[in-house]
Each structure stands twice: as structure tokens, then as C-alpha cells.
Amino acid sequence: MKIISVNVGKPRENPWKGLAATYIDKQPVEGPVRVTSPGPKGDGSVGLAGDKVGDVQHHGGTNQAVYVYGTEDYAHFNALTGRDFGAGAFGENLTTTGYDVNAALIGERWAGPGGLVLQVTGARIPCGTFRGWIAERGWLKTFTREARPGPYMRVVEPGFVEAGAELEVVHRPDHGVTAAMFFRAAMGEKDLVPVVLEAPELAESERKWLRGIFD
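These numbers were taken from a predicted model, which means no experiment stands behind them.

Colleague: What is the right way to look at helix α6 (residues 204–212) in this model?
Modeller: Helical periodicity: at 3.6 residues per turn, an α-helix aligns residues three or four positions apart in one direction. Buried residues of α6: Glu206, Arg207 and Leu210, and no others. Down the axis of α6, the buried side of the element spans an arc of 100°, and every buried residue falls inside it. Turned more than 90 degrees from where α6 packs its buried face, Glu204 and Lys208 sit exposed. Considering only its buried residues, α6 is in contact with β9 (117–123), α4 (179–186) and α5 (193–197).

The following block contains the structure:
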């Protein structure tokens, strides 16, 4: 797959969650951007240099270090809504083309420039900030129904990303649990929860969270 755009957030007010700021307004940047593991969730750190999250309780950290979205999925939502969503519109760090990122498996690894290795950990779960930012009536229901969330990644090995660079899938587990399945389970398809929990590569924090939302 190819990276079409590398996107870094700039702070803006967040009236939708009552927080001081949100970094969902991701803007394309030029040149290589360093990618490292940010460490545990809690201080707003993410994988890309110069980027942050505002909701430090629910976003950022090791298992949400990099968020990826595909141009193929933007085309789908553009056709559905009549809008013109483009790179960074959903708050992703990497906008890609040429690969179904929602069919990526939990634990799948991608290699990129400078020795970079990323690993799929889960999927984006929509929140009030996302709903307010997109400002589309019934957006959370639409996004949930279409199940094209885009995956979250952790940084296995540091490196860099830049527009035009290639990402290569270098490992695919054999369990068949995709980012889209993780999303559907988290958004209410309870029958999928035990299936997703079977994926051995699922991080313990994500496993505990997925169990907890249905307790």
C-alpha cells in the first residue's frame, strides 16, 4: 500500500466533550515524520512526532499510536453523503491507498521506511468529538453501520513516514480476526466478542476493555 498523506493534528477548541482541546483537525505535512512508540496512555502522546490527542483518558498511548484510513473508504463515504472528505478529515495520521485496511488482521505487521514496523491493535471507535467534527446528521449510526473504521497501530520498531512511501504487509496471523470485526464487536455485535477475544495478538488492555463494555 502507498501512503498518500501524513497528517498531524493542530489544537482547536473541543465543545463536543468539554475538554480544553482536540487534535482531530489533522493536516497534511511534507517531508519525513519520525514515528516512535509513545508509551502508555495518559499524557496525550501518540506515535508521530508533533502530534497529540486531547482526550488523554480514551485516546493515544501504545496501542493507539498511529491511526490509518484508506482513500477507498473515503470514496465510499463521499458517495454515501455527497461530501468531499479527504486526507486527514477523519483525524487519521496516515491516509493510504491500495489496500483494504479494515480487512487487516489484529496482530498484522506492516513495514515502512527507516526500519519502521507497525502492528494492528484494533479499530477506531467513534466518539462525541468525531460526531461533532464531521457534523453530519446521524453520523455515528452511519459510521457504525458501514463498519469502515480504519485500524489503530502500535509501533513495534521506530522509523519514519512520508507521503509517497510504501508500507508492506510482512506478517498476517492465521486467526482471521480483522479490524472491522473488532469494531463491529465493540459497537454492539455481541456474538463477535468471543471470536475477537480468541485472537492471541489482541493486547491485554484491548481484551479487558472489550470484555468490560458488555459486563
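Colleague: Would you mind showing me how to read the pairing of strand β6 (residues 66–70) here?
Modeller: Moving residue by residue along a regular strand, the side chains alternate between the two faces of the sheet. For β6, a buried count of 5 out of 5 residues is recorded, marking the element as mostly surrounded by other parts of the structure. Side chains Val66, Val68 and Gly70 project from β6 onto one buried face, and the interleaved Tyr67 and Tyr69 project onto a second face that is buried too. Across 3 bridges, β6 lies against strand β7 (residues 94–97) in parallel orientation. By the bridge assignment for β7, Val68 is matched with Leu94. Since β6 and β7 lie parallel, the crossover through helix α1 (residues 71–81) that links them has a hand, and here it is right-handed.

Colleague: Please clarify how the packing of α1 against helix α3 (residues 139–146) should be interpreted in this entry.
Modeller: Angle between the axes and distance between the axes are the two parameters that describe a pair of packed helices. α3 packs onto α1 with a crossing angle of 130° between their chain directions and a minimal axis gap of 12 Å. With respect to their mutual orientation, α1 and α3 come out oblique. Seen from above, α1 lies across α3 with right-handed handedness. Between α1 and α3, the contacting residues are His76, Phe77, Leu80 and Thr81 on the first element and Trp139, Thr142, Phe143, Arg145 and Glu146 on the second. By residue class, the composition of the contact of α1 with α3 is 4 nonpolar, 3 polar and 2 charged.

Colleague: What is the right way to look at the packing of α4 against α6 in this model?
Modeller: The geometry of α4 relative to α6 is characterised by a closest axis approach of 10 Å and an angle of 35° between their N-to-C directions. Seen from α4, the contacting residues are Phe182, Ala185 and Ala186; seen from α6, they are Glu206, Trp209 and Leu210. Of the residues in the contact of α4 with α6, the class split is 5 nonpolar, no polar and 1 charged.

Colleague: Hey, could you run me through the sheet that holds strand β1 (residues 2–9) in this one?
Modeller: Backbone hydrogen bonds are what pair the strands of a sheet, in a parallel or an antiparallel way. The mixed open sheet is built from 8 strands, whose spatial order is β4-β1-β7-β6-β10-β9-β8-β12. The open sheet has two edge strands with one neighbour each: β4 (26–28) and β12 (168–171). Direction aside, the axes of adjacent strands within the sheet are offset by 40° on average. Lying on the sheet, α4 is in contact with β9 and β10 (151–157); it crosses β9 at an angle near 30°.

Colleague: Help me understand α3 in this model?
Modeller: Within the sequence span of α3, burial applies to Trp139, Thr142 and Phe143. Angularly, the buried residues of α3 cover 95° about the axis, an arc narrow enough to put them on a single face. For α3, exposure combined with an orientation more than 90 degrees from the buried face picks out Lys141 and Arg145. Close packing links the buried residues of α3 with β6, α1, α2 (128–134) and α4. Ala147 sits one or two residues past α3 and shows a positive phi near 50°.

Colleague: Is there a simple way to explain unusual backbone geometry in this structure?
Modeller: In the Ramachandran plot, Ala135 falls in the positive-phi region, its phi being about 55° despite a non-glycine side chain. As for its placement among the helices and strands, Ala135 is situated in the loop between α2 and α3.

Colleague: Sorry, what's going on with the pattern of salt bridges here?
Modeller: A side chain with one charge can pair with a side chain of the opposite charge if their charged atoms come near. Taken as a whole and judged by the stated rule, the model has 10 salt bridges. Note that Lys26 is salt-bridged to Asp51, the shortest N-O span being 3.7 Å. In this pair, Lys26 is assigned in strand β4 and Asp51 in the loop between β5 (33–35) and β6, connecting sequence segments 25 residues apart. Accessibility assignment for this pair places Lys26 and Asp51 in one class, buried. Its salt-bridge partner being Glu108, residue Arg172 comes within 2.5 Å of it at the nearest N-O pair. Residue Arg172 is found in the loop between β12 and α4, and its partner Glu108 is found in the loop between β7 and β8 (109–111); the two are separated by 64 residues along the sequence. A single salt-bridge network, built from bridges that share partners, covers Lys10, Arg12 and Asp25.

Rules used in this analysis
Residues numbered from 1 in each chain as written. Predicted model: local features only at pLDDT ≥ 70, side-chain atom pairs only at ≥ 80, totals over all residues. Heavy atoms only, no water. Buried < 20%, exposed > 50% of the residue type's maximum accessible area, 1.4 Å probe, protein only. Helix = DSSP H or I, 4+ residues; strand = E, 2+ residues; numbered from the N terminus. Arc of directions from axis to C-beta. Contact = heavy atoms within 4.5 Å. Pairing = 2+ DSSP bridges. Right-handed = clockwise from strand over helix to strand, strands pointing away. Axes fitted to C-alpha atoms, helices over the stretch in contact; angles between N-to-C directions. Parallel < 35°, antiparallel > 145°, perpendicular 65-115°, else oblique. Left-handed = near helix turned anticlockwise from the far one by under 90°. Nonpolar A, V, L, I, M, F, W, Y, C, P; charged D, E, K, R; others polar. Salt bridge = Lys/Arg side-chain N within 4 Å of Asp/Glu carboxyl O.

Don't take any of this as a statement about function, it's just geometry.
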